[in-house]
Amino acid sequence: MKIARSAAAFALAALALTACAPPTSNNAASSSDDKSGTIRVWLFSEVNQDPKSAVVKAAVSDFEASHSGAKVDVQYIPVDSRAERFKAAFNDPSSAPDVAEFGNTDLASYVASGGLSDMTADIKGWDESKDLDSKILATTDIGGKNYGVPWFVGVRALYYRTDLLKAAGLEVPKTLADVETVARAVRAANPDTLGISVGGAAQFSAMPYLWANGGSIATKKGDTFASGLDSPESKDGISAYARLLRDDICPPQTCAEFGGNASVQQFIAGKSAMTIGGDFNYKAVAASAVKDKFAVVPVPGKTAGSIAPAFAGGNNLGVFNSSKHHTLAADFVKLLASKKYQQKMFDSMGNLPTFSDVQKTVADSNPQVAPFIKTLAAGTNFVPVTETWSTIDAQGIFTGMYQKIVTGKADVNTASADAAKAMNKVFGSK
């Protein structure tokens, strides 16, 4: 999930994916589909609210002009209180919106609660949908049905200090192995600088290592999932990432507790030669003391010229199951998530579009986003699409595995086996 431009996002950003326990619900699908009246819309509030509000206001004007008798009432809700707000709305349809913005990692638990409406037919009947990035659209798919439209996406790439690498006579890493080698060498040349700032709690920095080595978090097993963390390929990826958290690169006593935001903060503060950060971090880095001393490339894969799969975070727009205005609500979703308005959201907020052709357009005219668009084009991955993932996330099973390894509490074999066992218990796998 990419939680819009919340306080964490602008303060550095981003994609802190907070887990939400699956909400319970007494929600039932509405039997009404009124073609007039007021639709209520919940969108996430922002630290810098005005640019988003301006785009949404324009969309509302367009919508009301083309839908006689329809009005749109937009309310901006805090990201941090979304779990309580959504749970209350699922249980009390009278308080529920018709349309809502939500993070893609929250989708499975919301669908399990019965709170979101199936939008498969709406998407199939929408001409622009043919250009939606298929990998990103897949994050809205539960059991072959789409429960939302991807509004924007966020991915991570490799930020590096051009001055430090040049001074040490080092080339930009072309493989994951190179990242480790360069990180070690630049720290040796600059002992007070982290070779790369990563963390034991930075799960979205660790995932590309897992996936690039052929590993997986989990795979579908009948009606549930089975952890893949203890496979040989996964253990190779886990080991490769864990090697970055050593004294000669990023000391465990400093880095073991770092999440993604803390890792990027080290880079912004000039304390790190490299980091894995998101497109949503770019403005903060570009406004920092290192603004003229950095560049960004996709996180490389195992072989030169390849790109490691990145986690596809992002936010969706969906229709509540209890809405009495499904057609109107779906029409508004398709307008606000359209190519026209995704372009406007990029221009005003920097949100990466979910349409392949719009991605190319923004990359061609905005060189700073090209590494992130290349990462999207190379293929992204996602967490298991199941309501049980929120429990796994809340328990810290994935990140806890790395922290045990880098602090010496367990070796890779033991930690991955323990994590897989704990994960399968939550999944209900045998």
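Residues numbered from 1 in each chain as written. Predicted model: local features only at pLDDT ≥ 70, side-chain atom pairs only at ≥ 80, totals over all residues. Heavy atoms only, no water.

**As for the side chain of Ser129**
Within the secondary structure, Ser129 is located in the loop between helix H5 (120-124) and helix H6 (134-137). One polar contact links the side chain of Ser129 to the main-chain carbonyl oxygen of Trp126, over a distance of 2.7 Å. (Helix = DSSP H or I, 4+ residues; strand = E, 2+ residues; numbered from the N terminus. Polar contact = N/O pair within 3.5 Å; in protein donor to acceptor, adjacent residues only side chain to side chain.)

**A word on the pairing of strand E11 (residues 294-297)**
Burial of E11 is one-sided: the residues Phe294 and Val296 facing one way are buried, the residues Ala295 and Val297 facing the other way are not. In terms of strand pairing, strand E7 (residues 156-161) meets E11 through four bridges, oriented antiparallel. Each bridged residue has a counterpart across the sheet, and for Tyr160 the counterpart in E11 is Ala295. (Buried < 20%, exposed > 50% of the residue type's maximum accessible area, 1.4 Å probe, protein only. Pairing = 2+ DSSP bridges.)

**Thoughts on the pairing of E7**
When you tally the buried positions in E7, you get six out of six residues, the bulk of the element. Here E7 runs beside strand E10 (residues 274-278); their pairing, made up of five bridges, is antiparallel. Bridge pairing in E10 links Leu158 to Ile276.

**Some remarks on the environment of Lys344**
Looking at where Lys344 falls in the secondary structure, it is placed in helix H15 (residues 339-349). Considered as a pair, Lys344 and Leu116 are 228 residues apart in the sequence and their alpha carbons are 26 Å apart.

**Brief notes about the environment of Phe258**
Counting through the fold element by element, Phe258 comes out in the loop between helix H11 (252-255) and helix H12 (260-268). For Phe258, a relative accessible area of 11% gives the class buried. In this structure the C-alpha to C-alpha distance between Phe258 and Ser197, which are 61 residues apart in sequence, comes to 8.5 Å. Here Phe258 is in contact with Leu194, Val198, Gly199, Gly200, Ala201, Ala202, Ser263 and Gln266, once residues within four sequence places are set aside. (Contact = heavy atoms within 4.5 Å.)

**Overview of helix H8 (residues 176-189)**
Here H8 is 14 residues long and its end C-alpha atoms lie 20 Å apart, about the 20 Å a rise of 1.5 Å per residue gives. Regarding H8, the residues found buried are Leu176, Val179, Glu180, Val182, Ala183, Val186 and Arg187. (Expected span 1.5 Å × (residues − 1).)

**Some points on the sheet that holds E10**
Taken in spatial order, the three strands make up an open sheet running E10-E7-E11, and their pairing is antiparallel. Each edge of the open sheet carries a strand with a single partner, namely E10 and E11. Between one strand and the next, the sheet's axes are offset by a mean angle of 35 degrees, whatever the strand orientation. Along the sheet face, H12 touches E7, E10 and E11 and points at about 125 degrees away from the line of E10. (Axes fitted to C-alpha atoms, helices over the stretch in contact; angles between N-to-C directions.)

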